[in-house]
Amino acid sequence: MTDYRNFIGGEWLESSSCTTVENLNPANINDRLGTIKLSTREEARGAVEAAYNAFRDWRNTPAPTRGKIVARFARLLEDDKENLAQILTREEGKTLAESRGELARSINVAEFCAGEARRLNGETIQSELPANFAYTIKEPHGVVALITPWNFPVAIPVWKIAPALVAGNTVVFKPAEATPATAVRICELLEEAGLPKGVLNLVLGSGAEIGDEITNHPAVKAISFTGSTATGIKLYEQAARRGARVQCEMGGKNPVVVMEDCDLDLAVQSTAQGAFGSTGQRCTATSRAVVVDEIADEFVSKIVELAQKMRIGDGANPETEMGPIVDEKQFRNVLKYIDIGREDGAEMLCGGKRAEGDNLENGFFVEPTVFDRVSPDMRIAQEEIFGPVLSVLRVKDFDEAMCAANDSQYGLTSSIFTNDPNLIFRFVQQIETGMTHINSPTTGGEAHIPFGGVKMTGIGAREQGSTALDFYTELKVVYVDYTGRRREGNLY
Ligand code: NDP
C-alpha cells in the first residue's frame, strides 16, 4: 500500500488534505494499491508557482538538451516497461497484453518527441523588399496544464508531457483520480531522467477542485485536456475568457460501416476487437456498426458468437481477453445504458449484465453486449457509453450508411469494410471524423502520426506526430532589414 504524494518544485510532498480516496484494483476491490489525498486548491497553486519559477531557465535550455532528457526518459520507460505494465493492469484493469501495448506506444511517443527537439525549426521567408527577409521562431507558452483521463493513464500523459517539455514549457500535470499510481511512476522516471526542479509538477486530486484551480490560474497559459466532452467544453469556455490556449480531445461514438462485398470475417473480428478491446474504454472504441441489410443477419450472428466466447477476468491473468470496467461509477453507468437500450426498444442479442463466474465477484465485470436494430435516434446510438456495448444499425445501402455514420455530435474515428475502391474513396471524402481506417478496426494509432477528432470530439491542434508541437509553441515572426537606410516602399 502506498500513500501517493504530489511532486512540486522537485520535492515529493504529502498533501495536507484530510480527504482521501482508495486506489482499488477494479478486478478485485479487496486488492488496494494505495491511498491518495485529494490535494487542496492551495497546493494546486503551489504547483503552478513552482512551474512558473522554473520556466525562465527551462526555456533558455537549448531544445536539443531538453530533448536529451526526454530521450533518457524514453530509455527509462523501456527499462521499466514490465513493472509499469503490471501497475497499469492492476490500477486500470486492462489486460497485460493491452498494458504492454500502451507502454510500447508511450516509449515510441517519447522517442519521437525527443527527436523533434532537434527539429524545432522555424522558416526563413523572402521579403518583397530588397535586402530584407523574415524568419519565424517557435517559442514556448510558459506554464501549461495537462489534464488527463484514467483510460490510457500512461500513454496520454506521455503524449502531452513529452512535447510540452521539448517545446520549453513547464508543466502542471493533473491525472485522473482513478489512476494515481501510473502518474506517480511517470513522474519518478522523468525526475530520474534529469528534469530540473519545478519543470514538471504533479498534483493529485479532484478535477472539480484542483483541476478547476489550475485551469483558471492566470499563470497557466495553455491547457491540454483529454476527457469527457462535458468537462472539456466547460474548461474551454473558462479558458477562453482569459485568452488561454486550449486543446481538448473528448468523447467519441465511432462507427464502422460494413458493406455487402467485404471480407465478412475480417469485418466481424475487427469490429469485435474495436468494441470489446480495452473493455470498450477507449476513445477510439467501435460503438456503432452500420451494416447493410443484405449481410446484417450473418454479421450479427457472427459477432454475437465472438462476444459470447470472450474470456472475461483479471487482466493480470494471461488467459483473459477482456478486463473489468475501471470503477463502480463507470460500471453503473454502463449498466444504466444497457437498460436505456432495452427500454428504447433495441434488440439485445447477448450480454446485458454483470459478468458472473469464478473470481469475478469482487470486480466490475460486464458481459460484452450487442444490441441489434438500433435506430440512429436512440440514446445508445448517440451517447458515449465507454464500455463493451455495440449498437448495430441496419441500413439499405451506402448512402444510408453514410447518413447514419455521420449522425453524431462526435467525430473521432471510423472505419469501412469493403473491397470496392470507389466506395472507399467516397467514404474517406464523406465521413466526418478526424481519423479513419480502411478494412481495419477504428482503434489504434502510431506515435509519429497525428491523432484527434472533429465536431464535439476535438478542439485545437492535433496531438502526436508531426503536429504534436504545434499546440505547445507560439510562432514569433522576425523582420530583418539590412539596408541600413530608412524604408521608402512598403509603408503599410
Ligand atoms: P472526465 O472528463 O471526467 O475527466 C478527465 C479529467 O478531467 C480527469 O483528470 C478529471 O479529474 C478532470 N476534471 C474533471 N472535472 C474537471 C474540471 N472542472 N476542471 C478541470 N479538470 C476536471 O473524463 P474521464 O476521466 O471519465 O475519461 C473518459 C472520457 O475521456 C471519455 O469521454 C473518453 O471519450 C475521453 N477520452 C478521449 C480521448 C480522445 O483522445 N479523444 C482519449 C481518451 C479518453 P477527476 O478524475 O478528478 O474527475
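Below is a short write-up of the structure. Because the structure is predicted, anything quoted here is derived from the model rather than measured. (Residues numbered from 1 in each chain as written. Predicted model: local features only at pLDDT ≥ 70, side-chain atom pairs only at ≥ 80, totals over all residues. Heavy atoms only, no water.)

### Section: the overall build of the protein
- Tallying secondary structure elements over the protein gives 14 helices and 23 strands in all.
- Its C-alpha atoms give the protein a radius of gyration of 24 Å, near enough to 23 Å, the size a compact globule of 492 residues would have.
- Here the protein, with 492 residues, has 57% of them falling under the buried criterion.
- Of the contacts made within the protein by residues no fewer than 6 positions apart, 73% connect residues no fewer than 24 positions apart.
- Working note: accessible area of the protein is about 20600 Å², and carbon and sulfur atoms make up 48% of it. (Helix = DSSP H or I, 4+ residues; strand = E, 2+ residues; numbered from the N terminus. Rg over C-alpha atoms; globule rule 2.2 N^0.38 Å. Buried < 20%, exposed > 50% of the residue type's maximum accessible area, 1.4 Å probe, protein only. Contact = heavy atoms within 4.5 Å. Areas by Shrake-Rupley, 256 points an atom, 1.4 Å probe, with all protein chains shown as cover.)

### Section: the packing of helix H2 (residues 63-79) against helix H5 (residues 155-166)
- Relative to each other, H2 and H5 sit at 155°, their axes nearing to 8 Å. Judged by the angle between their axes, H2 and H5 are roughly antiparallel. In this structure, H2 contributes Ala-63, Arg-66, Gly-67, Val-70, Phe-73 and Leu-77 to the contact, and H5 contributes Val-158, Ala-162, Leu-165 and Val-166.
- A breakdown of the residues in the contact of H2 with H5 according to their chemical character gives eight nonpolar, one polar and one charged. (Axes fitted to C-alpha atoms, helices over the stretch in contact; angles between N-to-C directions. Parallel < 35°, antiparallel > 145°, perpendicular 65-115°, else oblique. Nonpolar A, V, L, I, M, F, W, Y, C, P; charged D, E, K, R; others polar.)

### Concerning the nonpolar core
- Core analysis: the largest hydrophobic core is formed by 64 residues, its most contacted members being Phe-73 and Leu-165.
- Broken down by element, the residue count for this core peaks at nine residues, all from H5.
- Beyond its immediate stretch of four places on either side in the chain, Leu-165 contacts Trp-58, Arg-66, Val-70, Val-171, Leu-190, Leu-195 and Val-199.
- In terms of nonpolar packing, the next biggest core, distinct from the first, is built from 55 residues, Tyr-337, Phe-364, Ala-401 and Ala-404 among them. (Core = buried A, V, L, I, M, F, W, Y, C linked by side-chain atoms within 4.5 Å.)

### Here's the deal with the environment of Ser-301
- Mapped onto the secondary structure, Ser-301 falls in helix H10 (residues 293-309).
- The sequence separation of Ser-301 and Val-268 amounts to 33 residues, and the corresponding C-alpha distance is 9.7 Å.

### Side note on the pattern of salt bridges
- Enumeration over the complete set of coordinates arrives at 33 salt bridges.
- The residue Arg-41 makes a salt bridge to Glu-209 at a minimum N-O spacing of 3.1 Å. One end of the pair, Arg-41, is in helix H1 (residues 41-60); the other, Glu-209, is in helix H7 (residues 207-215), and 168 residues separate them in sequence.
- Note on Arg-41: relative accessible area 27%, which makes it partly exposed.
- On the basis of relative accessibility, which here comes to 41%, the residue Glu-209 falls in the partly exposed class.
- The salt bridge involving Arg-394 is made with Asp-372; its shortest N-O contact spans 2.8 Å. One end of the pair, Arg-394, is in strand E17 (residues 389-395); the other, Asp-372, is in strand E16 (residues 369-372), with 22 residues separating them in the sequence. Both residues of the pair, Arg-394 and Asp-372, count as buried. (Salt bridge = Lys/Arg side-chain N within 4 Å of Asp/Glu carboxyl O.)

### As for a negative patch on the surface
- Together, Glu-78, Asp-79, Glu-111, Glu-191 and Glu-192 line one region of the surface with negative charge.
- Those elements giving two or more residues to the negative patch turn out to be H2 and helix H6 (180-192).
- The residue Glu-191 is located in helix H6 in this model. (Patch = residues over 30% accessible without salt bridge, like charges linked within 9 Å, V, L, I, M, F, W, Y side chains within 5 Å. Lys, Arg positive; Asp, Glu negative; His and termini not counted. Charge placed at Lys NZ, Arg CZ, Asp CG, Glu CD.)

### So, the sheet that holds strand E13 (residues 254-258)
- Sheet architecture is open: seven strands sit in the order E15-E16-E17-E14-E13-E19-E20, paired in mixed fashion. Strand pairing shows two members of the sheet lacking a second neighbour, strand E15 (347-350) and strand E20 (437-438), which therefore form its edges.
- Across three bridges, the pairing between E13 and strand E19 (residues 415-417) is parallel. Paired with Val-256 across the two strands is Ser-415, which belongs to E19.
- Packing against the sheet, H10 makes contact with E13, strand E14 (286-292), E15, E16 and E17, and its axis sits at approximately 145° to E14.
- This element, helix H11 (residues 328-343), spans E15, E16 and E17 of the sheet and lies at about 25° to E16. (Pairing = 2+ DSSP bridges.)

### Brief notes about the site of the ligand
- Around the ligand sit 31 residues in total, of which Glu-177, Ser-228, Met-250, Cys-283 and Glu-384 are the nearest.
- Ser-228 has a polar side-chain atom sitting 2.6 Å from an oxygen atom of the ligand.
- About the coverage of the ligand: the protein hides 88% of its 910 Å² of free accessible area.
- Those elements giving two or more residues to the shell around the ligand turn out to be H7, strand E11 (220-226) and helix H8 (229-241).
- At four residues, H7 tops the list of elements feeding residues into the shell around the ligand. (Near = heavy atom within 4 Å. Polar contact = N/O pair within 3.5 Å; in protein donor to acceptor, adjacent residues only side chain to side chain.)

### Overview of H2
- In this model, H2 (17 residues) spans 25 Å end to end at C-alpha, consistent with the 24 Å of a helix rising 1.5 Å per residue.
- Residues of H2 that are buried make contact with H1, helix H3 (81-92), helix H4 (96-116), H5 and H6. (Expected span 1.5 Å × (residues − 1).)

### Topic: a positive patch on the surface
- Taken together, the side chains of Lys-68, Arg-72, Arg-75 and Arg-118 present a region of like positive charge at the surface.
- On the accessibility criterion, Arg-75 (51% relative accessible area) is exposed.

### Overview of the sheet that holds strand E23 (residues 473-481)
- Pairing is antiparallel across the open sheet formed by three strands, whose spatial order is E6-E7-E23. Only two strands of the sheet have a single partner each, and these edge strands are strand E6 (124-126) and E23. Recorded for the sheet is a direction-independent mean angle of 25° between the axes of neighbouring strands.
- One ladder, built from three bridges, connects E6 with strand E7 (residues 132-140); its direction is antiparallel. In the strand pairing of E7, Gln-126 is matched with Phe-133.

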